[in-house]
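Here is what each chain is made of, one letter per residue.
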Amino acid sequence: MLVGLDAEFMDPSSTADDAIMLAAQLAIDDINDRGGVLGGRPLQLVTTDNRSVPARGAVNVKKLAAMPDMTAYLGGKFSPVALEQLPVIHAHQLPLLAPWSAADAIVDSQYEPNYAFRVGLTDSLAMSRLLAEATQAGARRIGLLAPQTAWGRSCLQHLERGIAQDGAVTPLLAGVAWHYWGGSDERVKNGYLSLLDKGADTIILVANEVEGAALIRAVADQPVSRRRPILSHWGITGGRFTELCGSSLQHVDLVVVQSFNLDRVRGEIPDRLAEAAMAHFAVEDPLQIPSMTALGPAYDLVRLHALAIDTARTLDRPAIRDALEHLPVHEGVVKRYAPAFSATDHDALKLPDVVLCRFDARGRVVPHRP
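The structure contained in this document is the topic of the report that follows.

## Focus on the pattern of salt bridges
For step 1, the next point in the chain: Applying the stated criterion to the full structure yields 16 salt bridges.
For step 2, the next point in the chain: As a salt-bridge pair, arginine 118 and aspartate 347 come within 2.6 Å of each other at their nearest N and O atoms. Note that arginine 118 is positioned in strand 5 (residues 116-118) and aspartate 347 in the loop between strand 12 (336-337) and strand 13 (355-359), a separation of 229 residues in sequence.
For step 3, the next point in the chain: Assessed through its relative accessible area of 13%, aspartate 347 is described here as buried.

## Digging into the packing of helix 7 (residues 185-197) against helix 8 (residues 209-220)
For step 1, the next point in the chain: Following both chains from N to C, one finds helix 7 and helix 8 inclined at 60°, their axes separated by 9 Å at the closest point. It follows from the interaxial angle that helix 7 and helix 8 lie oblique. Judged by the twist between their axes, the crossing of helix 7 over helix 8 is right-handed. Taking contact as the criterion, the partners of Asp185, Val188, Lys189 and Tyr192 in helix 7 are, on helix 8, Glu211, Ala214, Leu215, Arg217, Ala218 and Val219.
For step 2, the next point in the chain: Of the residues belonging to the contact of helix 7 with helix 8, the class tally is 6 nonpolar, no polar and 4 charged.

## Quick word on the nonpolar core
For step 1, the next point in the chain: Ranked by size, the top nonpolar core spans 112 residues in total, and within it Leu74, Phe241, Leu262, Ile289, Leu295 and Phe341 carry the most contacts.
For step 2, the next point in the chain: Apart from residues no more than four positions distant in its own chain, leucine 74 is found in contact with Val3, Gly4, Leu5, Asp6, Ile20, Ala24, Leu96, Leu97, Pro99, Ala298 and Val302.
For step 3, the next point in the chain: Counting 20 residues, the second largest nonpolar core, distinct from the first, contains Ala58, Met70, Ile89 and Leu94.

## So, the sheet that holds strand 1 (residues 2-7)
For step 1, the next point in the chain: What the 5 strands build is an open sheet, ordered 2-1-3-4-5; its pairing is parallel. The sheet is open, and its two edges are formed by strand 2 (44-49) and strand 5, each paired on a single side. On average, each strand axis in the sheet is inclined to that of its neighbour by 25°, with strand direction left out of account.
For step 2, the next point in the chain: In this sheet, strand 4 (residues 96-98) lies alongside strand 3 (residues 70-74) in parallel orientation, the contact comprising 2 bridges. Among the inter-strand pairings, tyrosine 73 is bridged to a residue of strand 4, identified as leucine 96.
For step 3, the next point in the chain: Lying on the sheet, helix 12 (residues 317-324) is in contact with strand 3, strand 4 and strand 5; it crosses strand 3 at an angle near 50°.

## Comments concerning the packing of helix 5 (residues 123-136) against helix 6 (residues 150-165)
For step 1, the next point in the chain: Closest axis-to-axis distance for the helix 5/helix 6 pair is 9 Å, and the angle between their directions is 50°. Relative to helix 6, the element helix 5 lies oblique. Crossing geometry of helix 5 relative to helix 6 is assigned as right-handed. Contacts from Asp123, Ser124, Met127 and Leu131 of helix 5 reach helix 6 at Trp151, Ser154, Cys155, His158, Leu159, Gly162 and Ile163.
For step 2, the next point in the chain: The residue makeup of the contact of helix 5 with helix 6, split by class, is 6 nonpolar, 4 polar and 1 charged.

## Brief notes about the packing of aromatic side chains
For step 1, the next point in the chain: Here the structure, examined in full by the defined rule, presents 3 aromatic pairs.
For step 2, the next point in the chain: Summarising the aromatic geometry, the rings of tryptophan 100 and tryptophan 234 are spaced 4.6 Å apart at their centres and angled 20° between planes, so their arrangement reads as stacked. Taken together, the residues tryptophan 100 in the loop between strand 4 and helix 4 (104-107) and tryptophan 234 in the loop between strand 9 (230-232) and helix 9 (241-245) connect sequence positions 134 residues apart. The same class applies to tryptophan 100 as to tryptophan 234, namely buried.
For step 3, the next point in the chain: Between phenylalanine 241 and phenylalanine 359, the aromatic rings sit 5.3 Å apart at their centres with planes inclined by 45°, giving tilted as the arrangement. Highlighted residues: phenylalanine 241 in helix 9 and phenylalanine 359 in strand 13, separated in sequence by 118 residues.

## Focus: the side chain of glutamine 258
For step 1, the next point in the chain: Relative to the helices and strands, glutamine 258 is located in strand 10 (residues 254-258).
For step 2, the next point in the chain: Of the polar contacts made by the side chain of glutamine 258, one reaches the side chain of threonine 237; its length is 3.0 Å.
For step 3, the next point in the chain: If we skip the residues at most four places from it in the chain, glutamine 258 touches Leu121, Trp234, Thr237, Thr293, Asp353, Val354, Val355, Cys357 and Val365.

## What about the environment of valine 53?
For step 1, the next point in the chain: By secondary structure assignment, the location of valine 53 is in the loop between strand 2 and helix 2 (54-66).
For step 2, the next point in the chain: Residue class for valine 53 comes out partly exposed when judged on its relative accessible area of 38%.

## Some points on the side chain of serine 248
For step 1, the next point in the chain: Along the chain, serine 248 falls in the loop between helix 9 and strand 10.
For step 2, the next point in the chain: Judged by relative accessible area, which is 13%, serine 248 ranks as buried.
For step 3, the next point in the chain: Non-local contacts of serine 248, meaning those with residues more than four positions away in its chain, are made with Ile216, Arg217 and Ala220.

## Thoughts on helix 10 (residues 268-281)
For step 1, the next point in the chain: Across its 14 residues, helix 10 extends 20 Å between first and last C-alpha, which sits within 8% of the 20 Å expected from 1.5 Å per residue.
For step 2, the next point in the chain: Listing the buried residues of helix 10 in full gives Pro270, Leu273, Ala274, Ala277, Met278 and Phe281. Along the axis of helix 10, the buried positions cluster into a sector of 125°, meaning they face one direction only. Facing away from the buried surface of helix 10 by more than 90 degrees, the exposed residues are Glu268, Glu275 and Ala279.
For step 3, the next point in the chain: Against helix 1 (16-33) and helix 11 (295-312) lie the buried residues of helix 10.
For step 4, the next point in the chain: Following helix 10 by one or two positions, alanine 282 adopts a phi angle in the positive range, close to 60°.

Definitions and limits used
Residues numbered from 1 in each chain as written. Predicted model: local features only at pLDDT ≥ 70, side-chain atom pairs only at ≥ 80, totals over all residues. Heavy atoms only, no water. Salt bridge = Lys/Arg side-chain N within 4 Å of Asp/Glu carboxyl O. Helix = DSSP H or I, 4+ residues; strand = E, 2+ residues; numbered from the N terminus. Buried < 20%, exposed > 50% of the residue type's maximum accessible area, 1.4 Å probe, protein only. Axes fitted to C-alpha atoms, helices over the stretch in contact; angles between N-to-C directions. Parallel < 35°, antiparallel > 145°, perpendicular 65-115°, else oblique. Left-handed = near helix turned anticlockwise from the far one by under 90°. Contact = heavy atoms within 4.5 Å. Nonpolar A, V, L, I, M, F, W, Y, C, P; charged D, E, K, R; others polar. Core = buried A, V, L, I, M, F, W, Y, C linked by side-chain atoms within 4.5 Å. Pairing = 2+ DSSP bridges. Phe/Tyr/Trp six-rings, centres within 6.5 Å; stacked < 30°, edge-to-face > 60°. Polar contact = N/O pair within 3.5 Å; in protein donor to acceptor, adjacent residues only side chain to side chain. Expected span 1.5 Å × (residues − 1). Arc of directions from axis to C-beta.

Next comes the structure, spelled out in C-alpha cells:
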C-alpha cells in the first residue's frame with residue numbers, strides 16, 4: 001500500500017523536501033512496526049521530483065494516481081505547485097496531505113468534495129500573526145516585500161484584510177515592493193530601499209531562502225539607522241537560509257513564523273525525529289535542523305492518514321477522504337487533534353498554534369513568542 005511524496009528534490013537550496021521525507025518515512029516505519037494498516041498491510045513511501053515546477057508537479061500526481069494501491073500523497077514546499085495539482089487530484093480522487101505549502105486556496109477551494117488536507121501554516125494565519133506582532137512591537141507603517149506570484153498576492157490580500165478589519169489599532173501599509181524567485185540581490189535591495197523611502201518602519205517579508213538571505217545581507221550592509229525589523233513568513237526556513245546569510249544574520253532584527261519547533265515538545269517521537277534529522281543534515285543541535293518546522297506536520301499527516309484508512313476499512317480513496325473528515329481525537333506531535341479536520345474545515349492548525357521564532361547567535365531557530 002503506497003503513500004506518495006511529490007517535492008522539489010532537485011532544488012539546490014531547499015531542505016524542506018528532505019525534512020518532509022524523513023518525517024514521513026519515520027511515521028511509516030512506526031506504523032509498520034505496529035502492524036501496518038487494515039490488519040497487517042505495510043505502507044511504502046514513493047517519491048517524485050517536481051523540481052519546483054508546477055507543470056511537472058501536475059504530471060507527477062497523474063503518475064502517482066495511476067499506481068495501484070496509492071492512497072494519498074504529501075506535497076512539498078511550493079504553493080504554486082500544489083495549486084497546479086488541484087484539478088488533477090480532484091479528477092483522480094487522490095487526497096493531498098500538505099505539511100508546508102501555505103496558500104489558503106490549496107484547501108479553501110471550490111472543489112466539492114475537497115481532497116486537500118493540511119497540517120501547516122496558511123498565508124492568512126501567517127499574516128495575521130505577523131501583523132499582531134508588528135502591532136505589539138509598536139510599528140506604525142509596514143512595508144511588504146513579497147514575490148510577484150500568487151503567493152505574494154495572497155499574502156498582500158490577507159495583510160490588507162487584517163489591517164482593514166482593525167485599522168484603529170494596527171499599522172498602516174506604507175507600500176509594497178515585489179521581487180522574483182531567484183531574483184538578483186540588487187532587486188531585493190532596491191525593493192527594501194523603496195519601502196524605506198515610503199516611510200516603512202517595519203518590513204513584512206514573504207520569500208524563500210534565496211531571496212530572504214539576499215534581503216538580510218542588504219539590510220546588514222545599511223547604516224544602523226536604516227535597518228528595519230523584519231517579520232518573515234516561513235518560506236526562508238525551507239532551505240539553507242543561515243548558510244546563505246552568513247554573519248549578516250546577527251546584524252538584523254528578524255522574527256519568523258513557524259508551525260512546529262522542537263524546543264516546545266518532548267517525548268519519544270520528537271526525540272527520534274530530531275535524531276534522524278540531525279544525522280541527515282549533519283548538525284549537532286535539534287534547533288539547527290534545517291526546515292525543522294516540517295518535521296512534526298509531515299509525521300502527523302501520515303499518522304492521521306493511516307488512522308483514516310483504518311477508520312474507512314478500505315483502500316478506496318473517496319472513503320479515505322470521508323474518513324479524514326471524521327477522525328477520532330488523536331495525540332499528535334504538533335498538537336492534540338480534537339479532531340484534525342471536519343467536513344467544513346480541512347486546515348488542522350489555528351492561530352494559537354502559530355509559533356514566532358528567532359535565529360540565535362548559533363543559527364538555531366528558537367521560540368520568540370508563542
